[in-house]
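# Reading the structure
What follows is each chain in one-letter form.
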Amino acid sequence: MREIMARTRTKDETRAVSELYGTVLLISISLLTAMMILGLGGTVIGSIFADTEDRITQDSMIEMDDRLATISGSSTDASTAFTYPSFAGDDLATYPDKGTVEITAAATVDEAYLLDADGTTNSTEFTLGTVEHRTQDGTTIAYQGGAVIQQQGTYSVLLSPPPVDFDGKQLSLGLTDITALETLTPGTETHAQKSTTRSEELNEQLRQTVEPYSVIGSDGDVHGTVPVDVTMRVETEFVDAWAAHFTDELSTPITDEGVTVDDTSVTVEFTLGDEFAILRNDSFFEYEQEQTIYAGPSEFAQYHDDIDPVDGGPAFQTTEDINEDPSSIIVYQPEVGEWVLFDGGDEWEGYNDNFDSGNETHLDGLPLEEVEDEVARGITDRESGDGYTYHFESEALICLSSASNLNSEEQAMDCAENLTDDPEAILNADSPFPVSELFPLSSEMSVIEFSS
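Residues numbered from 1 in each chain as written. Predicted model: local features only at pLDDT ≥ 70, side-chain atom pairs only at ≥ 80, totals over all residues. Heavy atoms only, no water.

Below, the discussion takes up the sheet that holds strand β1 (residues 79-82). The strand order across the open sheet built from four strands is β1-β12-β28-β11, with neighbouring strands paired in mixed fashion. Either end of the sheet is taken by a strand with one partner, and the two such strands are β1 and β11 (176-177). (Pairing = 2+ DSSP bridges. Helix = DSSP H or I, 4+ residues; strand = E, 2+ residues; numbered from the N terminus.)

On to the sheet that holds strand β10 (residues 171-173), then. Read from one edge to the other, the open sheet built from three strands follows the order β9-β10-β27, with strand pairing classed as mixed. Looking at the sheet topology across the chains shown, the edges are occupied by β9 (164-166) and β27 (441-443). Averaged over neighbouring strand pairs, the angle between their axes works out to 10 degrees when direction is ignored. Direction of pairing for β9 relative to β10: antiparallel, over a ladder of three bridges. Opposite Val164, over in β10, you have Leu173 as the bridge partner. Those strands touched by helix α2 (residues 196-210) are β10 and β27, and its axis lies near 170 degrees from that of β27. (Axes fitted to C-alpha atoms, helices over the stretch in contact; angles between N-to-C directions. Contact = heavy atoms within 4.5 Å.)

Glancing now at the packing of aromatic side chains. Scanning the model with the defined rule gives four aromatic pairs in all. For the pair Phe246 and Phe270, a centre-to-centre distance of 6.5 Å together with 80 degrees between the ring planes defines the contact as edge-to-face. Within this pair, whereas Phe246 is found in helix α3 (residues 239-249), its partner Phe270 is found in strand β17 (residues 265-272), the two being separated by 24 residues in sequence. Neither residue differs from the other here; Phe246 and Phe270 are each classed as buried. Following the ring pairs from residue to residue traces out a cluster consisting of Phe166, Trp242, Phe246 and Phe270. Directly above the ring of Tyr95 sits Lys98, whose terminal nitrogen or CZ lies 4.1 Å from the centroid. (Phe/Tyr/Trp six-rings, centres within 6.5 Å; stacked < 30°, edge-to-face > 60°. Buried < 20%, exposed > 50% of the residue type's maximum accessible area, 1.4 Å probe, protein only. Lys NZ or Arg CZ within 6 Å of the ring centre and 35° of its normal.)

So this is what it looks like as structure tokens:
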């Protein structure tokens, strides 16, 4: 009996110990599970908070972009304010020296024919300044020149495009200079004010870099406009974003051949301006049909392959016979409504607006300089004997044609259309030589000043 009771007690004690171990193990597993859940949950919650903070900071940068864009468009010293969240901390940085732009203009004609330019090229440089925020996953959100850019690794895309456009003739720059923003204090309001004085100084600097190469003339008088080649180089770490804007986002996008990208810069080439006043036909003695070779003021005719200058003045000469016949020089006198032609004979022939020949009434009024040994008034033989030298007054409107005769209204109208975009105007003596009012560069840059 005593033995049986001992065995029974031993079983009861063993069962009690097992239950205790099980309880302890269950509690331990529960605690461990709870700790794992809390740890994982903390990580997840921390990640959620970090993502939220990054998004809020990114929204603050877009808000800054919007506010600066508002005052940039003002004609006064307009002001605004913005605040970055206090948790942005060290992940938010300003770089006043980042984002440099260089504008280089190059003439498309000889310097002698530019009205107000020193040399055939000129350039100017300015810096935009940059604000950057680096997120927890290594992504950078940046503000540069009025653009908001996102960069992951070395690849960047635009979240908001820079205010730069090109319509095929005019380059528009509305970039924002924030180089005065040397630091940002998260949680503290930053005040921004446009400086109209500094903005206009920068805009004038840019205009003076480009516009002198688009206007031709002499003795202070404007005679016409010509295109100007402009190169824009942006030194930036966000090369993909800037290059994409030039190739995809402009009103007249630039082809890939016109955009060069390296590790630290984007270079884009534009041809600006309006060839409104000058006809250029650079084919050399290759005329399948009778056509206008040049139309415009006589002193600028030497731009072309078919004629050479004489002493750099309004006189010029043909280099060869064209189509085996002497070239025709057609002059229009708007005050009397008369076309006058020299086609290699010994005299000028007059045509009225009805293109009737034999109209010699106003030949004495031709804008010609008298010279010795004339073949006809204002015309001498070339020393080489392969053409003529024409001695025009500087403001003469002339048309050089590959036709050997002004034999039709169509031929005359071809010259008229190239002297002006409105042939009826020149035939009616209204604005015989209009000059384009298109400015190749529209500069509306904004310089912003800051205070806390």
